[in-house]
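This is what each chain is made of:
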Amino acid sequence: MRLNRFYSTAICFVICLLVCGFLVSWRQSAEAHQLFGNMTYMTDCPYVAEKVKLVNGYREARSGLLHYSMCYDRKYFYGDFNQDGLKDAVVVIVQGEGHGSGTWLAFLVHDGKKYVHTKSGFLSRTAIINSLKVKGSRIIVDMFVLQADDCNAGPTGHVIGIFDYRRRERWMDAKRISVKSIFDPIILMLKAPSSLLDLPSWAYVLERCKIF
Amino acid sequence: MALKRSGFDSRWVQHFRRQSVATKQSSDVDAWLERETDHVRKALESASRHFDGNDNLTVNTLEAVYARESSFGSPTMLGKRGSSGAAGHFQFRPDTAKRYGLNVSKNNDQRFDIDYVSSAVARYLKDLHTFFSKDTTLIGITKTIGIKNPSERKKFVLGAFNAGEGNIAKAQRLAQKAGKDPQLWAHVEKFLESAGASKTTANEAGRYVENVPLYESEFASKSPADKNIKQKEPGKGDTRCTEGHWRTIDDRRVFICD
């Protein structure tokens, strides 16, 4: 009887810990979204707007017949890539001018008081990020990007993109290493489970991945 | 040594191999046409009413763009409703969609409604055609250079649809400065990177302009879509079709330009 009470208390304690952990991480990510979704970023379209301050993760600027837009894609990663001992951040943003758009990493350096957008790295027009790691000054991204003959909505090129923050350019392209994995279609399927019901698109994915 | 697979795995592999073989026997266009339902075809035909005798855009242009953007609305490819990035049948960004009168929200995202979005795409293509028909000031010193040759002009329209009209206009000016012909896509596309587009975007725009007309000509010969719905008379004036209102005609939502 006493043992049962011990077990039930232990289970309650573990559940409480898990719930607390979830609430803390949820609150932290909500605060991060609030911060990064309302920051000032540089644009790659200076003839419309040199900088934009996002409001609730989105901003549109117009000039003449042209318009420019930027949105925060609710993905962020931390790491000290300028190696000054402060926690910097990498944020995924999407920039668009007219119909043309691109997915970028914005490198945000912490200057002791706030985050400042210093450099950017181009991923692809549409990119699916599997993971991102910061190792020293290098930012390593495992992702799917558009490759030849992909439709714009379906990036199937599995690559590892490497950015070196020490590079001088403000707008960087990644050094890309191609990866071909038997698991690529499975990863794509998990990211879009509806594809299970859509076998022709499976054939499409397989053909594009050139696995078999 | 052969890789040993589980029964489940090998069943899937066999299925996918069969599918791959099946798709290789016919072209991509055939596979897309199999996906084109009556509803989709009618939506595209209806949207082609925004084209007229001044342009060489047709319902087949819309079909080719639809194929290139989302593989004819494959559910794997569409993205999330209310997404702040490109999403929906034609991979429209929210701001472009809003500019052309569409709602973009989690509960009501008209980028996923083929009737609404095809109309918006047709109007956007028509506007781009207007920009590249004669010199047009987009902003400040960023001006397009009018293209006289209709087939060349179409390349610029598709390039602008993919990479943004500002980048193309800037590349035209750079090509002109370098002594190249700003009315030839082959010359202008080489200046896309200098105009501010990333290397990948520039390469992709080149492939887009190359592939979409090929798809279009194949759709023209194979698609049952009615090409005669497009207005035959040249349109009057070059007003943009971003302002207007939606009306229901024959149970379809149609955008009437003001």
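Residues numbered from 1 in each chain as written. Chains lettered and ligands numbered in written order. Predicted model: local features only at pLDDT ≥ 70, side-chain atom pairs only at ≥ 80, totals over all residues. Heavy atoms only, no water.

### As for the overall build of chain B
Counting its secondary structure elements, chain B contains ten helices and four strands. Counted over contacts in chain B with a minimum sequence separation of 6, partners at least 24 positions apart contribute 65%. Carbon and sulfur atoms form 49% of the exposed surface of chain B, whose accessible area is close to 11,800 Å². (Helix = DSSP H or I, 4+ residues; strand = E, 2+ residues; numbered from the N terminus. Contact = heavy atoms within 4.5 Å. Areas by Shrake-Rupley, 256 points an atom, 1.4 Å probe, with all protein chains shown as cover.)

### Let's talk about the sheet that holds strand β5 (residues 88-97) of chain A
All names here are of chain A. Taken in spatial order, the six strands of this open sheet run β3-β4-β5-β6-β7-β11, and their pairing is mixed. Since the sheet does not close on itself, it has two edges, and those belong to β3 (58-63) and β11 (171-173), each with one partner. Direction aside, the axes of adjacent strands within the sheet are offset by 30° on average. (Pairing = 2+ DSSP bridges. Axes fitted to C-alpha atoms, helices over the stretch in contact; angles between N-to-C directions.)

### Side note on a nonpolar patch on the surface
Taken together, F6, Y7, I11, I15, V19, F22, L23 and W26 of chain A make up a surface patch of nonpolar side chains, about 900 Å² in accessible area. By relative accessible area, which is 47% here, I15 of chain A ends up partly exposed. (Patch = residues over 30% accessible without salt bridge, like charges linked within 9 Å, V, L, I, M, F, W, Y side chains within 5 Å. Salt bridge = Lys/Arg side-chain N within 4 Å of Asp/Glu carboxyl O. Buried < 20%, exposed > 50% of the residue type's maximum accessible area, 1.4 Å probe, protein only.)

### Re the sheet that holds strand β10 (residues 157-164) of chain A
Residues and elements named next belong to chain A. Taking strand neighbours across the sheet as the criterion, the four strands line up as β8-β9-β10-β12 in an open arrangement whose pairing is antiparallel. Each edge of the sheet is formed by a strand with only one pairing partner; in this case those strands are β8 (127-135) and β12 (175-178). Direction aside, neighbouring strands of the sheet carry axes that sit 20° apart on average. One ladder, built from eight bridges, connects strand β9 (residues 138-145) with β10; its direction is antiparallel. Following the sheet pairing, V141 is matched in β10 by G161.

### Side note on the packing of helix α3 (residues 38-47) of chain B against helix α6 (residues 114-131) of chain B
Residues and elements named next belong to chain B. Direction vectors running N to C along α3 and α6 enclose 30°, while the axes themselves pass 8 Å from each other. For the pair α3 and α6, the crossing hand works out as right-handed. Facing H39, V40, A43, L44 and A47 of α3, the residues of α6 in contact are I114, D115, S118, S119 and A122. The residue inventory of the contact of α3 with α6, partitioned by class, reads six nonpolar, three polar and one charged. (Left-handed = near helix turned anticlockwise from the far one by under 90°. Nonpolar A, V, L, I, M, F, W, Y, C, P; charged D, E, K, R; others polar.)

### Considering the packing of helix α7 (residues 150-163) of chain B against helix α8 (residues 165-177) of chain B
Residue and element names in this part refer to chain B. Viewed as axis vectors pointing N to C, α7 and α8 meet at an angle of 125°, and their least axial separation amounts to 7 Å. Accordingly, the angle class assigned to the pair α7 and α8 is oblique. Across from F156, G159, A160 and A163 in α7, the residues of α8 making contact are E165, N167, I168 and Q172. Its residues assigned to classes, the contact of α7 with α8 comprises four nonpolar, three polar and one charged. (Parallel < 35°, antiparallel > 145°, perpendicular 65-115°, else oblique.)

### Comments concerning a positive patch on the surface
A contiguous patch of positive charge on the surface is contributed by K133, K135, R138 and K175 of chain A. Looking at the secondary structure, you find K133 of chain A in strand β8. (Lys, Arg positive; Asp, Glu negative; His and termini not counted. Charge placed at Lys NZ, Arg CZ, Asp CG, Glu CD.)

### Focus: α6 of chain B
Residue and element names in this part refer to chain B. For α6, built from 18 residues, the straight-helix expectation of 26 Å at 1.5 Å per residue is met to within 8% by its first-to-last C-alpha distance of 25 Å. Extensive coverage of α6 is indicated by the burial of 18 of its 18 residues. The N-terminus of α6 is capped by D113, whose side-chain oxygen sits 3.0 Å from the backbone nitrogen of D115. (Expected span 1.5 Å × (residues − 1). Polar contact = N/O pair within 3.5 Å; in protein donor to acceptor, adjacent residues only side chain to side chain.)

### A few points about the pattern of salt bridges
Residues and elements named next belong to chain B. In total, this model carries 17 salt bridges over all chains according to the counting rule given. Among the salt bridges present, the one from E216 reaches K154, with a minimum N-O distance of 2.7 Å. In this pair, E216 is assigned in helix α10 (residues 199-222) and K154 in helix α7, connecting sequence segments 62 residues apart.

### A short note on the confidence of the model for chain A
Residues and elements named next belong to chain A. Summarising the model, chain A shows a mean pLDDT of 83, and 85% of its residues fall at 70 or more. Of all helices and strands in chain A, the one with the weakest mean pLDDT is helix α3 (residues 199-209) (52), whereas strand β1 (residues 40-42) scores best (94). In this model residues 194-200 is a low-confidence stretch, pLDDT under 50, and it forms 18 contacts with partners more than four residues away in sequence or in other chains. (pLDDT = per-residue confidence, 0-100.)

### Describing unusual backbone geometry
Although it is not a glycine, F72 of chain B sits at a positive phi angle of roughly 60°. Position of F72 of chain B relative to the elements: it lies in the loop between α4 (59-70) and α5 (94-99).

### Overview of the state of the cysteines
Residues and elements named next belong to chain A. Taken as a whole and judged by the stated rule, the model has zero disulfides over all chains. The thiol sulfur of C20 is not disulfide-bonded, and the nearest other cysteine sulfur, from C16, lies at 6.2 Å. With a relative accessible area of 44%, C20 lands in the partly exposed category. (Disulfide = S-S within 2.5 Å.)

### Description of the side chain of S137 of chain A
Residues and elements named next belong to chain A. As for its position among the elements, S137 is in the loop between β8 and β9. Its relative accessible area of 6% is what places S137 among the buried residues. A polar side-chain atom of S137 sits 3.2 Å from a polar atom in the side chain of R166. Dropping the residues within four chain positions of it, S137 is found in contact with F81, Q83, F163, D164, Y165 and R166.

### Looking at the nonpolar core
F36, Y41 and L108 of chain A together with F161 and F219 of chain B are the most contacted members of the largest nonpolar core, which has 84 residues in total. Take this core: its biggest share by element is ten residues, from α6 of chain B. Not counting the four nearest positions on each side in its chain, F219 of chain B is found in contact with V29, W32, L33, N60, E63, A64, A67 and F72 of chain B. Listed in part, the 18 residues of the second largest apolar core include L105, V141, V159 and A174 of chain A. (Core = buried A, V, L, I, M, F, W, Y, C linked by side-chain atoms within 4.5 Å.)

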